[in-house]
Amino acid sequence: MDEPAEIGRRVQQLRAHLGLTQRQLAEPSYTPAYISTLEAGKVRPSEAALRFLADRLGTSFEELSTGRPAHLATELRLALTDAQRELATGSAEEAAVSYRRLLTDAEHLELTAEQAEVLLGLGECSLETGQLDNARRHFEAAEQLLGDEPLPRRARAVRGRAIAHLLAGELRYACYLLEATIDELNASGLADPEALVLLYAAIIGPYIDMGAHARAAHAAELALALAPQVSDPALVAGMHRQVARTFLAEGRTADADTSLAKAQAIYRQLRLRTDLAHCHWMRGYVQAQDGELTLAEQELRTARDMLTAKRAVLFAAQVEVELADVLRRLGRLDEASELLTALLELGDRHGAVHAGGAHRLLGLISEERGDSDAAEEHYVLALGLLERSGASGDLADLCRLLGDLLRRGGRTEAALDAYRTGLGHRAAPGTTTLGPAPATPSFLPR
């Protein structure tokens, strides 16, 4: 709402244009003296007064209170829906062009809520294209714009920031952001089911990568308990996709596949192509775990092709790590090596965890080719990347591979050092975040 002087001037101009006296405008609800004081900018009118006056003056409440024609805001919101649809079904780069144009319009019209929504969309575009610094900036800006809003309204921005840090390999900080927000929601009495499901689903991935499997399972359990209270089908699908990871970690591949099938059905109905591609990716991983390597290759190639078509560079590169592992296990070492080498040329754009995974696979391929020196080099590079990220489970496995390689080469002391490092990373599973696990929401049984 504008300042009283601006609103008063607007009322006076519209009244004069219609040829109304102050008494004619005021009656029967107000007095001529009140209209005179309002037009002089000496009083801030209530919403009820402005709605009454807008009706008498033949305009909208929004136009009278802000000077902004209502149809402009409506048109912007419709265009925002189109941009969201474009991101879901088309190219992230093209959607970003639409979002940037809408951001200029929203800033000009001073539509704070719409500015925040546009920034969230730009953040999602940047995640897909691998521009993680830009993604963080967009999500932070959205969170700042919503600073005066209740915490549930800011949950998407927090989740976006955490995912950007996660994809960059900063698992510990991603967990910290999500845990702190979950605890704040519960402590404030604003235990909004949709916000909590969003946050619990987001925290499962970093928990698993850090070896905190008990926390991941608990987060999945809470998300499933809250799901019946969630009305957004895309949010429910995202939860099922993440819960599948906890089933996989427990060796429950059939349950994981069932959970992914639920998510896939929803994404297909909503035409959310990036999310659907993620389901193919996960199903490929499940099949690889079950030894169904031919089916796994098909699913992973489908996921990679869908993400490439959307120009989702970051996610497509990550799928290629899984695909390379399947190709290696099928004995197609040259294809796997070529895929991984091309991926590593992207640098850290795909995050330390996946870069570490790529070097680990190249180490295994080098071992299978009998090149121990190259294998050691790749394992050491992977170790540095994974130590930076805090991916404890992967670190322990990598130390075992490096230790075995060194032991076979007769370097017993170096092998023992590698084994000790691996044991250190396995020593305290589930305690790798910056604080205690988030409390259970008060409205759920403990």
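Residues numbered from 1 in each chain as written. Predicted model: local features only at pLDDT ≥ 70, side-chain atom pairs only at ≥ 80, totals over all residues. Heavy atoms only, no water.

Colleague: Quick question: what am I supposed to make of the overall build of the chain here?
Modeller: Counting its secondary structure elements, the chain contains 23 helices and zero strands. By principal-axis analysis of the C-alpha atoms, the chain measures approximately 100 × 45 × 35 Å. Counting all 446 residues of the chain, 52% fall into the buried class. Across the chain, every contact between residues at least 6 apart in sequence was considered, and the portion connecting residues at least 24 apart equals 61%. Accessible surface for the chain amounts to roughly 20200 Å². Of this, 50% is attributable to carbon and sulfur atoms. Considering the chain, the positive charge centre built from 48 side chains and the negative charge centre built from 64 side chains are found 3 Å apart. (Helix = DSSP H or I, 4+ residues; strand = E, 2+ residues; numbered from the N terminus. Buried < 20%, exposed > 50% of the residue type's maximum accessible area, 1.4 Å probe, protein only. Contact = heavy atoms within 4.5 Å. Areas by Shrake-Rupley, 256 points an atom, 1.4 Å probe, with all protein chains shown as cover. Lys, Arg positive; Asp, Glu negative; His and termini not counted. Charge placed at Lys NZ, Arg CZ, Asp CG, Glu CD.)

Colleague: Explanation requested: the pattern of salt bridges in the structure shown.
Modeller: A side chain with one charge may pair with a side chain of the opposite charge, provided their charged atoms come close. By the definition in use, this model includes 37 salt bridges. A salt bridge links E114 to R77, with the nearest nitrogen and oxygen atoms 2.6 Å apart. Of the two residues, E114 is situated in helix α8 (residues 112-129) and R77 in helix α6 (residues 70-89); the sequence distance between them amounts to 37 residues. In this structure E114 comes out as buried when scored by relative accessible area, which is 11%. (Salt bridge = Lys/Arg side-chain N within 4 Å of Asp/Glu carboxyl O.)

Colleague: Would you take a moment to explain helix α21 (residues 372-389) for this structure?
Modeller: Residues three or four positions apart in an α-helix share a direction because the helix packs 3.6 residues into each turn. For α21, spanning 18 residues, the distance from its first C-alpha to its last is 26 Å, which sits close to the expected 26 Å at 1.5 Å a residue. Along α21, the residues that are buried comprise A374, A375, H378, Y379, A382, L383, L385, L386 and S389. After α21 finishes, the residue G390 shows a positive phi value of roughly 85°. (Expected span 1.5 Å × (residues − 1).)

Colleague: How do you make sense of the side chain of H165 when you look at a structure like this?
Modeller: Within the element layout of this structure, H165 appears in helix α10 (residues 151-167). In this structure H165 comes out as buried when scored by relative accessible area, which is 9%. A distance of 2.4 Å separates the side chain of H165 from the side chain of E170, its partner in a polar contact. (Polar contact = N/O pair within 3.5 Å; in protein donor to acceptor, adjacent residues only side chain to side chain.)

Colleague: What is the right way to look at the nonpolar core in this model?
Modeller: The nonpolar side chains of a soluble globular protein tend to be buried with one another. Counting 128 residues, the largest nonpolar core has Y99, L127, Y200, M239 and Y379 as the members making the most contacts within it. For this core, the element with the most residues is helix α12 (residues 193-209), which contributes twelve residues. Counting 13 residues, the second-largest nonpolar core is a separate cluster that includes I7, I35, L50 and F52. (Core = buried A, V, L, I, M, F, W, Y, C linked by side-chain atoms within 4.5 Å.)

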